[in-house]
Amino acid sequence: MTDPVIVVTRKWPAAVEDELRRRFPSVRLNPDDMPLGSAGLRDALHSADVVLPTVTDRLTAELLTPDVRTRFLGNFGVGHNHIDVDAGARAGIVVTNTPGVLTDTTADTAMTLLLMIARRAGEGEREVRSGAWTGWRPTHMMGADVTGKTLGILGMGRIGSAVARRAHFGFGMPVVFYDAAGPVGHHGVPAARQLDTIEDVLETADFVSLHMPGGQANGHLINAKQLARMKPTAFLVNTARGDVVDQRALEEALRDGIIAGAALDVYEDEPTVPVGLRELDNVVLLPHLGSATLETRTAMGMLVLDNLSAFLDGRRPPCQVV
Ligand code: DGY
């Protein structure tokens, strides 16, 4: 394909946009960073050979029809539950993503959340900022220790195992895990124990960290029944996808003391975060920052370009999803 028409749906890190402009002078960037919305995406799919979307672009079966012009969707991000990849495949569109380059950064975010909720860091920061702090006292804002507590990982893939390594080697945490793929090895934590069911992990762990893909297969996997399996002293950490957790059930569990706390980076209907959750003190809320470092976001963009170059050269892209 010579001189393809390329649309980038959101603003990207400067180094990647510079590289895109250098290679494809007519690329359509989005300097104002306004989401295209359904109509804008439809327009892009019908006018461009290549669309480079991200998690805020819902590419549904209604949009990914066989009559679109687009032949390549190079997603900026590893999760692709916002793209109906089956519809894409039926329409003859190649879809790629960006695994690997964001593993450590996202695992760091999971550990940040785990430590924040255990040590009530969000609450403490709000107290200082509001001027309500009255000084040190022996019973002030006591949290929970992390060292030696058991970490439960649901989804022992790249990111799940990176969290396990950090928790085990950095904080002496025993690790138990469940993976839907069956026996998956210990991923660098020889002492990690794979358990047979999600329930086994929920009942055993002091901290449960979610690392499975979003989308229909895992929708509301963590619901009221599952939350009730957790210890009342346990914490839930979610850096995966919001739809994996029944948010309303989680809110109730946090309010009723079914679990001790939760720390979330992702939500069911981003960027909406229910007021009920925002009002609770035993929950830490981040704005989907999992992979948000300059280095990692730049590497993600460069990997999209590698995928695109392979596609345009007639090779199989290194991270082809379908
Ligand atoms: C990812 O890479 O999946 C991030 O959550 C952004 O989509």
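Residues numbered from 1 in each chain as written. Predicted model: local features only at pLDDT ≥ 70, side-chain atom pairs only at ≥ 80, totals over all residues. Heavy atoms only, no water.

Participant: Let's hear about the pattern of salt bridges: which residues, and what values?
Facilitator: Counting across every chain of the model gives 15 salt bridges. A salt bridge links Asp18 to Arg21; its shortest N-O distance comes to 3.2 Å. You can see Asp18 and its partner Arg21 sitting in helix α1 (residues 14-23), three residues apart, about one turn around the helix. The network of salt bridges with shared partners includes Glu17, Asp18 and Arg21. (Salt bridge = Lys/Arg side-chain N within 4 Å of Asp/Glu carboxyl O. Helix = DSSP H or I, 4+ residues; strand = E, 2+ residues; numbered from the N terminus.)

Participant: I'd love a proper account of the environment of Leu221, names of residues and values included.
Facilitator: Here Leu221 is to be found in the loop between β8 (207-210) and α8 (224-229). Classification of Leu221 as partly exposed rests on a relative accessible area of 21%. (Buried < 20%, exposed > 50% of the residue type's maximum accessible area, 1.4 Å probe, protein only.)

Participant: Which residues make up the site of the ligand, and what values do they have?
Facilitator: Lining the immediate environment of the ligand, one finds Val55, Gly77, Val78, Gly79, Leu102, Arg241, His288 and Met300. Between Val78 and the ligand, the recorded distance is 2.7 Å, taken from a backbone N or O atom to an oxygen atom. Contact between the ligand and His288: an oxygen atom at 2.7 Å from a side-chain N or O atom of the residue. Taking 230 Å² as the accessible area of the ligand by itself, protein coverage stands at 89%. Residue classes in the shell around the ligand are distributed as four nonpolar, three polar and one charged. (Near = heavy atom within 4 Å. Polar contact = N/O pair within 3.5 Å; in protein donor to acceptor, adjacent residues only side chain to side chain. Areas by Shrake-Rupley, 256 points an atom, 1.4 Å probe, with all protein chains shown as cover. Nonpolar A, V, L, I, M, F, W, Y, C, P; charged D, E, K, R; others polar.)

Participant: Can you break down unusual backbone geometry residue by residue, with the values?
Facilitator: The linkage connecting Glu270 with the following residue, Pro271, adopts the cis geometry, with an omega of 5°. By the element assignment, Pro271 lies in the loop between β10 (261-264) and α10 (275-278). At Arg120, a residue that is not glycine, the phi angle is positive and equals roughly 55°. Secondary-structure assignment places Arg120 in the loop between α4 (103-118) and α5 (121-130). The partly exposed category is assigned to Arg120, whose relative accessible area is 28%. Positive phi is not limited to glycine here, since His288 has a value of about 45°. Inspection of the secondary structure puts His288 in the loop between β11 (283-285) and α11 (294-312).

Participant: Describe the domain arrangement of the protein chain, with residues and values.
Facilitator: Under the domain assignment used here, the protein chain contains domain 1 (6-101 + 293-312) and domain 2 (103-285). A separation of 31 Å is found between the C-alpha centroids of domain 1 and domain 2. Listed as interface residues are eight residues of domain 1 and, on the opposing side, seven residues of domain 2. Together, the buried faces of domain 1 and domain 2 total about 590 Å²; carbon and sulfur atoms form 47% of this surface. Linking domain 1 to domain 2 there are zero salt bridges. The interface formed by domain 1 and domain 2 includes three residue pairs in polar contact (both at pLDDT 80 or more). (Domains from an automatic or database assignment. Contact = heavy atoms within 4.5 Å. Buried area = accessible area lost by both parts, 1.4 Å probe.)

Participant: Can you explain the sheet that holds strand β2 (residues 50-52)? Please cite residues and give values.
Facilitator: Read from one edge of the open sheet, four strands run β1-β2-β3-β4, paired in parallel fashion. Two strands in the sheet have a free side with no partner beyond their single neighbour: β1 (6-8) and β4 (94-96). Pairs of neighbouring strands in the sheet enclose a mean axial angle of 10°, with direction left out of account. As defined by bridge partners, strand β3 (residues 72-74) adjoins β4 across three bridges and the pair is classed as parallel. In the sheet register, Gly74 faces β4, and the bridge partner there is Thr96. Packing of α11 onto the sheet brings it into contact with β1, β2, β3 and β4, and relative to β3 it is tilted by some 160°. (Pairing = 2+ DSSP bridges. Axes fitted to C-alpha atoms, helices over the stretch in contact; angles between N-to-C directions.)

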